[in-house]
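Listed below are the residues making up each chain.
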Amino acid sequence: MRATLVFTLTFGLTSAVPFLWNGERQDHDRINVQLGPRPYFVVNDMDEGPLKKKLQSCSEGPFHTTDFTFGHRGAPLQFPEHTEESYRAAARMGAGVIECDVTFTKDKQLVCRHSQCDLHTTTNILVIPELAKKCTKPFVPADPVKGTPASATCCTSDITLAEFKTLCGKMDASVPTATNATQYIGGTPPFRTDLYSTCGTLMTHKEYIRLIDSFGLKFTPEAKTPTVKMPYLDWTQEQFAQSIIDDYKTAGISPSRVFPQSFLIDDIYYWIKHEPQFGKQAVALDEQVDTPEGYRNSTAQLPMLAKNGVKIVAPAFFALVKLDAQNRIIPSEYSIAAKKAGLDIISWSFERSGFLNHGGDYYYQYVAPVINNDGDMYTVLDVLAKQVGIRALFSDWPATVTYYANCMDL
Ligand SMILES: *[C@@H]1O[C@H](CO)[C@@H](O)[C@H](O)[C@H]1NC(C)=O
Ligand SMILES: *[C@@H]1O[C@H](CO)[C@@H](O)[C@H](O)[C@H]1NC(C)=O
């Protein structure tokens, strides 16, 4: 409450005396956070009960930036992922931490893309003939006679940084039945939109750092597992992991503002050993939980991770919850084991599922029997926040999480 009063007062002064802000680059309150209508739509859609009443009681704000909200690839529910526009939208919606998935170009320059080889679905590369022909696997149209789908594989490592910067970011999608490239690069699902897909601005890792720093926000770069064989040219996996950290050191960013992530546990151990200031906030992403056996293994390994210096683990949020005999959503064995091992949990990815009227998707797989309307996402989030005790949640639409976090004072 106090912080809010100070904010209002100081913000009023800012327009008249902007130099007051010199040196205060880390102050979140500079951003006038706007959540838009979606959180209200979701709250309104909730089943009646105390949680709905509580969330309704917060309808008039105030809303502010929170480190509980991680902008997953920016705000890709509506904006082309990993573009400047997507990051700006995430900042506006109160994400305290914004993600760049880090991969590299042919000339070893770090860029933000979810995968080293997703340019054929996240950019317009296939309709730029001189770049399309450089793709690892150029476009092949669908063959309705043979029943084979359209395909292409275009990697950041196929092109130079200069070429990468000429591309337009678009919504991540493709049309498997396409008979030409123009048709192939469409296919955005109906719960997303192409409204902002007007040539999204692709970003290097350094440009991302400058942009997020200009908002005074925090960073979560993910070292994407390279698709090309490592070492690449003269570059080992360790040098790749190091180069990500080097960009923050060069930019003078405090390690306390950086949450480096990787699915490769060796990247996490590398940072813990060689860059301990960054390593202590490293996020060990966990996809072993995708199979029942992997889930058990992963749960059993949590004490070992903690012993090896890992502080934060991050599985998809389905792995953190389950149903009890009365069909109530409760923390899973994984959640309990992580807490017992003293590990913090960050999870992913909220607002990626579209409509929840049929039990949701992958992210709701263990609680599907009680998921039948969009408002149910807040029921799940409430268990994640209050009972599992997650530290933060990645979201494709940060506003929905920020609304909840601000309402609950997280
Ligand atoms: C691509 O295919 C679609 C659907 O068959 C067609 O409408 C469109 O004209 C084609 N575009 C080009 C550039 O050939
Ligand atoms: C689980 O752990 C066992 C024993 O270490 C191993 O043999 C098995 O391959 C693991 N399974 C998965 C899916 O990780």
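No experiment lies behind these values; they were computed from the predicted model shown.

*Asks:* Which parts of the structure should I look at to understand the side chain of Ser262?
*Replies:* Position of Ser262 relative to the elements: it lies in strand 9 (residues 261–262). For Ser262, the contacting residues outside a window of four places in its chain are Glu222, Ala223, Asp267, Ile268, Trp271, Val283, Ala284 and Leu285.

*Asks:* Looking at this structure, how should I read the site of ligand 2?
*Replies:* Taken together, Gln288, Glu293, Gly294 and Asn297 form the complete shell of residues around ligand 2. The separation between a nitrogen atom of ligand 2 and a polar side-chain atom of Glu293 is 2.8 Å. At 2.3 Å from an oxygen atom of ligand 2 is found a side-chain nitrogen or oxygen belonging to Asn297. Considering ligand 2 on its own, with 360 Å² of exposed area, one finds that the protein chains cover 34% of that surface.

*Asks:* Is there a simple way to explain the site of ligand 1 in this structure?
*Replies:* The environment of ligand 1 is made up of Thr179, Asn180, Thr182 and Gln183. When ligand 1 is considered free in solution it has 360 Å² of accessible area, and contact with the protein chains removes 32% of it.

*Asks:* Honestly, the pairing of strand 10 (residues 283–286) in this entry has me stumped. Any pointers?
*Replies:* Successive residues of a regular strand alternate their side chains across the two faces of the sheet. Side chains of strand 10 alternate between two faces, with Val283 and Leu285 and Ala284 and Asp286 buried alike. Pairing analysis gives four bridges linking strand 10 to strand 11 (residues 312–315), with the strands arranged parallel. Across the sheet, the residue bridging to Ala284 is Val313, located in strand 11. Note that the unit made of strand 10, helix 13 (residues 292–307) and strand 11 has a crossover that is right-handed.

*Asks:* Help me understand the pattern of salt bridges in this model?
*Replies:* Inspection of every chain in the model, using the stated rule, returns 18 salt bridges. Between Glu207 and Lys165 there is a salt bridge whose closest N-O contact spans 2.6 Å. In this pair, Glu207 sits in helix 9 (residues 205–214) while Lys165 sits in the loop between helix 7 (161–164) and strand 6 (168–169), placing the two residues 42 residues apart along the sequence. On the basis of relative accessibility, which here comes to 24%, the residue Glu207 falls in the partly exposed class.

*Asks:* Would you mind showing me how to read unusual backbone geometry here?
*Replies:* Trans is the prevailing form of peptide bonds, just as negative phi is the prevailing case for residues other than glycine. Cis geometry is found at the peptide bond from Met230 to Pro231, where omega equals -5 degrees. Here the bond from Trp348 into Ser349 is cis, since omega is -20 degrees, no more than 30 degrees from zero. Positionally, Ser349 belongs in strand 14 (residues 344–350). Despite not being glycine, Cys199 shows a phi value in the positive range, around 70 degrees. By secondary structure assignment, the location of Cys199 is in the loop between helix 8 (181–184) and strand 7 (200–201).

*Asks:* What is the right way to read the pairing of strand 14 from this model?
*Replies:* Of all seven residues in strand 14, six are buried, a share of seventy percent or more. Alignment of strand 11 against strand 14, held across two bridges, turns out to be parallel. What sits directly across from Ile312, in strand 14, is Asp344. The pairing of strand 14 with strand 15 (residues 392–395) spans three bridges and is classified as parallel. Paired with Ile346 across the two strands is Ala392, which belongs to strand 15. Between the parallel pair strand 14 and strand 15, the chain is carried across by helix 15 (residues 376–388), and the sense of this crossover is right-handed.

*Asks:* When you look at the side chain of His120 in this model, what are you seeing that I'm missing?
*Replies:* Position of His120 among the secondary structure elements: in helix 5 (residues 119–122). Of the polar contacts made by the side chain of His120, one reaches the backbone oxygen of Ala152; its length is 3.2 Å. The residues touching His120, leaving out its near neighbours within four places in the chain, are Ile125, Leu126, Ala152, Thr153, Cys154, Tyr184 and Ile185.

The rules behind each value
- Residues numbered from 1 in each chain as written.
- Chains lettered and ligands numbered in written order.
- Predicted model: local features only at pLDDT ≥ 70, side-chain atom pairs only at ≥ 80, totals over all residues.
- Heavy atoms only, no water.
- Helix = DSSP H or I, 4+ residues; strand = E, 2+ residues; numbered from the N terminus.
- Contact = heavy atoms within 4.5 Å.
- Near = heavy atom within 4 Å.
- Polar contact = N/O pair within 3.5 Å; in protein donor to acceptor, adjacent residues only side chain to side chain.
- Areas by Shrake-Rupley, 256 points an atom, 1.4 Å probe, with all protein chains shown as cover.
- Buried < 20%, exposed > 50% of the residue type's maximum accessible area, 1.4 Å probe, protein only.
- Pairing = 2+ DSSP bridges.
- Right-handed = clockwise from strand over helix to strand, strands pointing away.
- Salt bridge = Lys/Arg side-chain N within 4 Å of Asp/Glu carboxyl O.

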